[in-house]
Amino acid sequence: SPVDWMVSDLIAYPERVAELLDAWCGQRLAHTMVVTVKFQGDSPSWKDVEVALHIAQSHGYWARAKHFFNNKNEVTLLIKSDATPRNPVAIKSFYEVSWPKSDS
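Going along each chain's sequence as written, the residues are numbered from 1 onward. Local features in a predicted model are, by the rule used here, given only for residues with pLDDT of at least 70; side-chain atom pairs are given and counted only at 80 or more, and totals for whole chains, interfaces and linings are based on all residues. The side-chain numbers reported here are obtained from all heavy atoms of the structure, hydrogens and water having been left aside.

Of all hydrophobic cores here, the largest spans 22 residues; its most connected members are Leu21, Trp24, Met33, Val35, Leu77 and Ile79. Comment: elements are numbered from the N terminus, with helices defined as DSSP H or I runs of at least four residues and strands as E runs of at least two. Those elements that place two or more of their residues in this core are helix 1 (14–26), strand 2 (30–38), helix 2 (46–58), strand 3 (61–66) and strand 4 (74–81). With six residues, the single largest contributor to this core is helix 1. Apart from the residues lying within four places of it in its own chain, the contact partners of isoleucine 79 are Leu21, His31, Thr32, Met33, Val35, Ala56, Tyr61, Trp62 and Ala63. By nonpolar core is meant a set of buried Ala, Val, Leu, Ile, Met, Phe, Trp, Tyr and Cys residues that side-chain atoms within 4.5 Å join together. Residue burial is assigned from relative accessible area. The probe radius is 1.4 Å, only protein chains are included, and a residue is buried under 20% of its type maximum, exposed over 50%, and partly exposed in between. Contacts between residues were defined by any pair of non-hydrogen atoms, one from each residue, lying within 4.5 Å.

As structure tokens, this is what we get:
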């Protein structure tokens, strides 16, 4: 059965990431995936990003690409299965977490 989350931050050419994405999505290995696509040079190849998005979508996943400001040579793919459980997990913000007090 698929895992809930899978994160991939491989150092690989976009073509290899597309091959892996095809296998992962084809086997329905995860409900939600975060996958980075890395590029050489100063800017991403949007054609390679479109290919990766199309692969995920062709397997029935919702997919979106995000180019974060500080990651100039990579694009992050956010991929989600339509069969993802709809029970949200409560996550406390950093400031709500009670950290143990040190004795020093």
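On we go.
Any Lys or Arg side-chain nitrogen found within 4 Å of a carboxyl oxygen on Asp or Glu counts as a salt bridge. A full pass over the atoms with the stated rule returns three salt bridges. Where glutamate 19 meets arginine 16, a salt bridge forms, and the shortest distance between an N and an O atom there is 3.1 Å. Within this pair, glutamate 19 and its partner arginine 16 are both found in helix 1, separated by three residues, close to a single helical turn. Since its relative accessible area comes to 43%, arginine 16 is described here as partly exposed. Three or more residues joined by partner-sharing salt bridges are found here, namely Asp9, Lys38 and Glu74.

Within the open sheet, the four strands sit side by side as 1-2-4-3. Their pairing is mixed. Edge positions in the open sheet fall to strand 1 (3–8) and strand 3, since each of these has one partner strand only. Between one strand axis and the next, the sheet turns through 15° on average, direction left out of account. With five bridges joining them, strand 1 and strand 2 adopt parallel strand pairing. Residue pairing for strand 2: methionine 6 is matched across the bridge by methionine 33. Following DSSP output, two strands are said to pair if at least two bridges run between them. Every axis in this analysis is a line fitted to C-alpha atoms, fitted for helices over the stretch in contact. Angles between the N-to-C directions lie between 0 and 180 degrees.

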